[in-house]
Amino acid sequence: MMRFLNHCSQGRSAWLLMILTALILESSALYFQHAMKLQPCVMCIYERVALFGVLGAGILGVISPKTPLRWLAIILWTYSAWSGLQLAWEHTMMQLHPSPFNTCDFFVNFPSWLALNQWLPSVFEATGDCSVRQWQFLTLEMPQWLVGIFAAYLVTAVFVLISQFFIRK
């Protein structure tokens, strides 16, 4: 299995699949926001940025999968999936255990050199409250779904990272 994952990471099709899944998830988020009129909170925006990190890792992997750039893509993928998982877990805890002491910020806080909320406010501007439950599917709220999604990305990334140490025949 590890040799298979190593082989897949050195081809473009697996990276394209990762790009496709991230694009579908990002498109779904924008559909929820603009078509269904759900208001994204600060945590939603940060989770969206983590998903863009996974998308960026896929783009890096597609560019040159047989060079050391693949390692950078795997590291970015792992970091983005881990960050997204942490954010989604924290967001889930805010919704499941609401407290006046456990709240999110009112506004997103990006560095001045990466002011995404000013550059593209229709995608990165937070207008909702983190503790409000706006959407549910199969008894799970959106952050709970994201915990599963980011966990799947992370587990896959860790296996692909480990597989890099197995020599391809």
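Cut-off values and rules
- Residues numbered from 1 in each chain as written.
- Predicted model: local features only at pLDDT ≥ 70, side-chain atom pairs only at ≥ 80, totals over all residues.
- Heavy atoms only, no water.
- Helix = DSSP H or I, 4+ residues; strand = E, 2+ residues; numbered from the N terminus.
- Buried < 20%, exposed > 50% of the residue type's maximum accessible area, 1.4 Å probe, protein only.
- Contact = heavy atoms within 4.5 Å.
- Expected span 1.5 Å × (residues − 1).
- UniProt positions renumbered as here; feature names shortened; annotations may be inferred.

**Student:** Just to check I follow, could you spell out the overall build of the protein chain for this structure?
**Tutor:** Along the backbone of the protein chain there are seven helices and two strands. Listed by position from the N terminus, the elements making up the protein chain come as α-α-α-α-α-α-β-β-α. By its C-alpha atoms, the protein chain is 55 × 35 × 30 Å across when sized along the principal axes. Taking all 169 residues of the protein chain together, 43% fall into the buried category. Looking at the protein chain alone, contacts between residues at least 24 apart form 80% of all its contacts between residues at least 6 apart.

**Student:** Is there a simple way to think about unusual backbone geometry in this case?
**Tutor:** For residues besides glycine, phi is generally negative; the peptide bonds are generally trans as well. Non-glycine residue K37 carries a positive phi angle of around 60°. Along the polypeptide, K37 turns up in the loop between α2 (12-34) and α3 (42-63). Overall, K37 belongs to the exposed group, its relative accessible area being 64%.

**Student:** For this particular structure, what's the right way to read the environment of S122?
**Tutor:** Mapped onto the elements of the fold, S122 is located in helix α6 (residues 121-124). Given the relative accessible area of 37%, S122 is considered partly exposed. Remark: the alpha-carbon pair of S122 and H34, spanning 88 residues in sequence, is separated by 8.7 Å. If we skip the residues at most four places from it in the chain, S122 touches L30, Q33 and H34.

**Student:** Please explain α2 as it appears in this structure.
**Tutor:** Think of an α-helix as turning once every 3.6 residues; residues three or four places apart then point the same way. Across its 23 residues, α2 extends 32 Å between first and last C-alpha, which sits within 8% of the 33 Å expected from 1.5 Å per residue. Among the residues of α2, W15, M18, I19, A22, E26, F32 and Q33 are the ones counted as buried.

**Student:** What am I meant to see in the UniProt feature "transmembrane region" (unreviewed entry) in the protein chain here?
**Tutor:** Mapped onto the present numbering, the UniProt feature "transmembrane region" (unreviewed entry) falls on residues 45-64, 71-89 and 145-167. Note that residues 45-64 is 95% helix and 0% strand, and that its end C-alpha atoms are spaced 29 Å apart. Across residues 71-89 one finds 100% helix and 0% strand; the C-alpha atoms that close the span lie 27 Å apart.

**Student:** Just checking my understanding: could you explain the environment of W119 for this structure?
**Tutor:** With respect to the helices, strands and loops of the structure, W119 is situated in helix α5 (residues 116-119). Sequence separation of W119 and L16 is 103 residues, and the distance between their C-alpha atoms is 27 Å. In contact with W119, not counting residues within four places along its chain, are W113 and L114.

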